[in-house]
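Structure at a glance
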Amino acid sequence: MSEEVPTEPSKKLDIKKLLKSVLAFKSSDLHLVVGSEPQIRIDKELRALNLPVMDAKDIEEMAYSLLEEKQKKVFEEENELDFSFELTDIGRFRANYYRTIHGIACAFRMIPIEIPTLDDYGNPPIFKELIKKEKGLILVTGPTGSGKSTTLASMLHEINRTERRHIITVEDPVEFVHKNDKSLFSQRDVGTNTKSFAAALKYALRQDPDIILIGEMRDAETISAALTAAETGHLVFGTLHTNSAPGTINRIIDVFVGEEQGQVRAQLATSLIAVISQTLIPIIGSGKVATQEILITNPAIQNQIREDKVHQIYSQMQLNQQETKMTTQTQQLLDLLSKNIISKENAIKNANRPEEIAKALRDL
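The rules behind these values
- Residues numbered from 1 in each chain as written.
- Predicted model: local features only at pLDDT ≥ 70, side-chain atom pairs only at ≥ 80, totals over all residues.
- Heavy atoms only, no water.
- Pairing = 2+ DSSP bridges.
- Helix = DSSP H or I, 4+ residues; strand = E, 2+ residues; numbered from the N terminus.
- Axes fitted to C-alpha atoms, helices over the stretch in contact; angles between N-to-C directions.
- Salt bridge = Lys/Arg side-chain N within 4 Å of Asp/Glu carboxyl O.
- Buried < 20%, exposed > 50% of the residue type's maximum accessible area, 1.4 Å probe, protein only.
- Parallel < 35°, antiparallel > 145°, perpendicular 65-115°, else oblique.
- Left-handed = near helix turned anticlockwise from the far one by under 90°.
- Contact = heavy atoms within 4.5 Å.
- Nonpolar A, V, L, I, M, F, W, Y, C, P; charged D, E, K, R; others polar.

The strand order across the open sheet formed by seven strands is β9-β8-β10-β11-β7-β12-β13, and the pairing between neighbours is mixed. The open sheet terminates on both sides in strands that have one partner only, identified here as β9 (184-189) and β13 (288-296). Ignoring which end each strand starts from, the neighbouring axes of this sheet average 15° apart. Sheet topology note: the strand β12 (residues 272-282)/β13 ladder contains nine bridges and is antiparallel. Residue pairing in the sheet places P282 in a bridge with K288 of β13.

On inspection of all chains with the given rule, the structure shows 15 salt bridges. Among the ionic pairs, R165 bridges to E163, the shortest N-O distance being 4.0 Å. Just as R165 is buried, E163 falls in that class too. Several salt bridges share partner residues, and in doing so they unite K132, E134, E163 and R165 into one network.

Contact pair helix α13 (residues 329-338) / helix α15 (residues 354-363): the axes reach a minimum separation of 10 Å and the direction vectors enclose 40°. Relative to α15, the element α13 is oriented oblique. As α13 runs across α15, the sense of the crossing is right-handed. Within the contact between the two elements, α13 uses T330, L333, L334 and L337 and α15 uses E356, I357, A360 and L361. Looking at the contact of α13 with α15 residue by residue, the classes come out as six nonpolar, one polar and one charged.

This part takes up the sheet that holds strand β5 (residues 91-100). Strand-to-strand pairing in sheets goes through backbone hydrogen bonds, with the strands running parallel or antiparallel. A sheet is described by the order of its strands in space; here six strands give the open sequence β3-β2-β1-β6-β5-β4, paired in antiparallel fashion. Edge positions in the sheet fall to β3 (45-48) and β4 (80-87), since each has one partner strand and no second. Taking each pair of neighbouring strands and ignoring which way they run, the sheet shows an average axis angle of 25°. Across four bridges, strand β2 (residues 39-42) lies against β3 in antiparallel orientation. Bridge pairing in β3 places I42 opposite E45. The sheet strands contacting helix α1 (residues 15-24) are β1 (29-32), β2, β4, β5 and β6 (103-111), and the helix crosses β1 at an angle near 145°. Across the sheet, helix α2 (residues 56-64) touches β1, β5 and β6, and the angle it forms with β6 is around 45°.

Shown next as structure tokens:
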């Protein structure tokens, strides 16, 4: 167990005070689990708050205090619930409720109300070029908690500041709430505003969108709809839980079977613009930094996708990078190591290709 984070002991736990602690300690998450004191996540590590151990009744009271009747019914039927909410003067949160053998458990993720710009987190200039595309598919991928939603929100925020577009987002749940600036936003919450991702996408093309954001490309039906939208003159953003850019292409193709795979390869070759595969790594001292493996399609990569030679894409990403604007995760990690921003241990632990990092370090 990591060191405890001091806070005011209290006889009666208050969910709003606990959520305030997420902000106060600049943490990303709050966990409530029966038999433990509340815990928050700081720089990837859980730290216990100095509060009483919670029992099932404590957590049930706090959990249900945030729910509407419809949400309570869904949770009681499904034993799972995803939703987002905003507390005045505190912040916006994404929540997941689930049941364990001991009772209800809750995980809360902090969502900034102020959407960061692409420059705030030092994203590469190529991102501003990508979002000016008229049509095609841009994917931001990575494990849970890797900052995918923040990167996508920053991209849409930049479009909102500079372009007059109709942007439809389909999320489960809606995380960042955009205010209309130059663009017009229609944000839809799966389960509340629409039945499913696939259903929302089916009707989205009739809603005159310029840009569509798909919170998660979970199944063949959703992926097919996304590819069709990208092919028919829309700029589509989506996410997957994949760890590398070439791995993302394989994951999409593998969702389909038999002859469908050939058709999907052809669609991807035509419509895919870029894959940004992101990981957050602890900084020496405190904080986190994003590594972003960037694949941008060109004729060579389009041919490799079409001809089922995805295994050759990684080598292609390493060529002529000044011109292509592509980069691999290994190169990003080595750059952070050379600047003494991250440790060797964390570089190897978070690497998709740890053997490449280890060899490069030996050759230095």
